[in-house]
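Chain residues, written in single-letter form:
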Amino acid sequence: AEFPEDLKPQSIGYVSGKVIDSKTKQSIGAWVKVTSPFGKVLQNVEADPVSGEYLVGLPIKHSAIFVVSQPGYLYYSSPVPIDSIRANESFTWNIHLDPVEQGQKKILEHLFFSFDSAVISPDSESEILELYKLMTSNIGLQIEISGHTDSLGSDEYNISLSYERAAALKKRLVMMGVLESRIAAFGAGSSQPIAENNTADGRATNRRTEIRIIKSN
């Protein structure tokens, strides 16, 4: 007889490294987490406050998000590189965190919307939770959320869709308890591309949501 799937031991790999202040190059303490795309915390460890060193387990062949955060810094998040992880093996991942400063921008890599709409997809929860924590752990922080599209479609339509998406994220944060006055929403449409719009990959890169720090304290 075989064990039920939920009782079988989970295969995991390991990642270790240091958390570093990108400006001073000094090691810092931080929280290192592995979450599901839907926001469930799978692992949560604290990097050493002096050496910045950490060790965390990563799931094998399961989608997950690697998140590093610390008050006073923009959080780091990246998909777990599933294809690079082997059971019971370790690899090094040093993380540089950017201090929160006025004018800084961050692309919300794991914020997704339903096609051609401003409905936030369920697999955006991890990103939303980290943005919420950024706002609540830095009480003086004020941000602008900007939506961006590719160049397909009319300017009027793209500006409208990009604004609605930015406003949808603002609404979620306000519903979670962040003061509305701390968040501005802006629709840039296709006016601020960061890649060429003549390829599918370029257009996908341009379809994004960003935050910009308006006030840091």
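Just above, that's the structure.
Residues numbered from 1 in each chain as written. Predicted model: local features only at pLDDT ≥ 70, side-chain atom pairs only at ≥ 80, totals over all residues. Heavy atoms only, no water.

This part covers the packing of aromatic side chains. For the structure shown, the criterion picks out four aromatic pairs. Ring plane angle 90 degrees and centroid distance 6.3 Å describe the contact between Tyr 76 and Trp 93, whose orientation is recorded as edge-to-face. Separated by 17 residues along the polypeptide, Tyr 76 in strand E6 (residues 76-79) and Trp 93 in the loop between strand E7 (90-92) and strand E8 (95-97) bring together distant segments of the chain. Looking at Tyr 76, the relative accessible area reads 25%, which means it is partly exposed. When its relative accessible area of 14% is taken as the criterion, Trp 93 is described as buried. Members of the aromatic cluster, joined through ring pairs, are Tyr 54, Phe 66, Tyr 76, Phe 91 and Trp 93. (Phe/Tyr/Trp six-rings, centres within 6.5 Å; stacked < 30°, edge-to-face > 60°. Helix = DSSP H or I, 4+ residues; strand = E, 2+ residues; numbered from the N terminus. Buried < 20%, exposed > 50% of the residue type's maximum accessible area, 1.4 Å probe, protein only.)

Turning our attention to the sheet that holds strand E11 (residues 183-189). Strands sit in the order E9-E12-E10-E11 across an open sheet of four strands; the sheet is mixed. Of all the strands in the sheet, the pair left with one neighbour each is strand E9 (105-107) and E11. The average angle at which neighbouring strand axes cross in this sheet is 25 degrees, direction not considered. Pairing of strand E10 (residues 142-148) with strand E12 (residues 208-215), which is carried by seven bridges, proceeds in the antiparallel orientation. Bridging from a neighbouring strand, Glu 144 pairs with Arg 212 of E12. The sheet strands contacting helix H2 (residues 155-176) are E10, E11 and E12, and the helix crosses E11 at an angle near 160 degrees. (Pairing = 2+ DSSP bridges. Axes fitted to C-alpha atoms, helices over the stretch in contact; angles between N-to-C directions. Contact = heavy atoms within 4.5 Å.)

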